[in-house]
Amino acid sequence: MIPHFITAKRVWRLLGALCLAVALSACNDTTNNTHDQHAVAIESGEECHLCGMIITKFPGPKGQLYKRGNANNLKFCSTRDMFAYFLDPEHQHNIQQAFVHDMAVNSWEQPDDKTYIDAREAWYVIGSNKRGAMGPTLASFADQESANSFADKQGGKLYHFDDLNLDLISSMGMGNQAPNKHTTH
Ligand code: ZN
Ligand code: CU1
């Protein structure tokens, strides 16, 4: 008769191998999807994934996220709403691609959907005079120099994507106040 512990050991080995296989195939999925995905045009009448507002009715840079398990990009009325969703620990690890408008090549009132850039590579100005759909917002730029000269004219502080976090986004408020308590970097 075979002792029970041998059977149990084999079961655990099998489970271990299975987990590894699942983990590896999940990794492959990620890379494949990432390469295929692009920013798309936002049609009139489309609603913000976070707040439900009609996106094209409002000025300022917009955002799009490509999230694991979704067929289409999630679209947002403002960079602010996009980051409120993106930087939420519940969503962050499932976001494969993130796009924002490059405001160096756009009018603030109506940014062009052909000018999306990788949000993870971008520079941001928070606390400027310019308002987005939800009030204070993040002005997004492909390069640091453009972001700097925007901040010179419109006020606000410069951040790279890596400096952004949910606390910072939450502290932006609805009114005219710049997020003064974040003066580091
Ligand atoms: Zn929104
Ligand atoms: Cu909104």
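Structure: see above.
Let us look at the structure shown here.

What counts, and where the lines are drawn
- Residues numbered from 1 in each chain as written.
- Chains lettered and ligands numbered in written order.
- Predicted model: local features only at pLDDT ≥ 70, side-chain atom pairs only at ≥ 80, totals over all residues.
- Heavy atoms only, no water.
- Donors = N, O, S within 2.8 Å, 3.2 Å for Na, K, Ca; no water.
- Buried < 20%, exposed > 50% of the residue type's maximum accessible area, 1.4 Å probe, protein only.
- 1 Å grid on protein atoms, 1.4 Å probe; cavity = no way out; pocket = protein on both sides within 12 Å on 5 of 7 lines; lining within 4 Å.
- Points joined across faces, edges and corners; volume = space filled by probe spheres on them.
- Nonpolar A, V, L, I, M, F, W, Y, C, P; charged D, E, K, R; others polar.
- Tetrahedral: all angles 85-135°; square planar, octahedral: opposite > 155°, others 65-115°.
- Helix = DSSP H or I, 4+ residues; strand = E, 2+ residues; numbered from the N terminus.
- Contact = heavy atoms within 4.5 Å.

## Describing the coordination of the copper ion (ligand 2)
Within the protein, Cys 51 (SG), Met 53 (SD) and Met 134 (SD) serve as the donor atoms for the copper ion (ligand 2), at 2.0 to 2.3 Å. In primary sequence terms, the donor set of the copper ion (ligand 2) follows C-x1-M-x80-M. A gap of 3.4 Å separates the copper ion (ligand 2) and the zinc ion (ligand 1), which Cys 51 links by coordinating each metal. Owing to a relative accessible area of 31%, Cys 51 belongs among the partly exposed residues under this scheme.

## Remarks on the layout of surface pockets
Quantified by volume, the largest pocket comes out at close to 180 Å³. Lining of the largest pocket is provided by Ile 42, Ile 55, Thr 56, Lys 57, Phe 58, Pro 59, Lys 62, His 101, Glu 109, Gln 110, Pro 111 and Asp 113. Class assignment for the residues of the lining of the largest pocket results in five nonpolar, three polar and four charged.

## Here's the deal with the coordination of the zinc ion (ligand 1)
Coordination sphere of the zinc ion (ligand 1), protein contribution only: Cys 48 (SG), Cys 51 (SG), Cys 77 (SG) and Asp 81 (OD), at 2.0 to 2.4 Å. One can describe the site at the zinc ion (ligand 1) as tetrahedral: its four donor atoms subtend angles covering 101 to 117° at the metal. Written as a sequence motif, the donor residues of the zinc ion (ligand 1) are C-x2-C-x25-C-x3-D. Exposure remark for Cys 48: the relative accessible area of 4% places this residue in the buried category. Classification of Asp 81 as buried rests on a relative accessible area of 5%.

## A word on the side chain of Thr 79
Position of Thr 79 relative to the elements: it lies in helix 2 (residues 79-86). The contact partners of Thr 79, leaving out residues within four places of it in the chain, are Pro 61, Lys 62, Val 100, Thr 137, Leu 138 and Ser 140.

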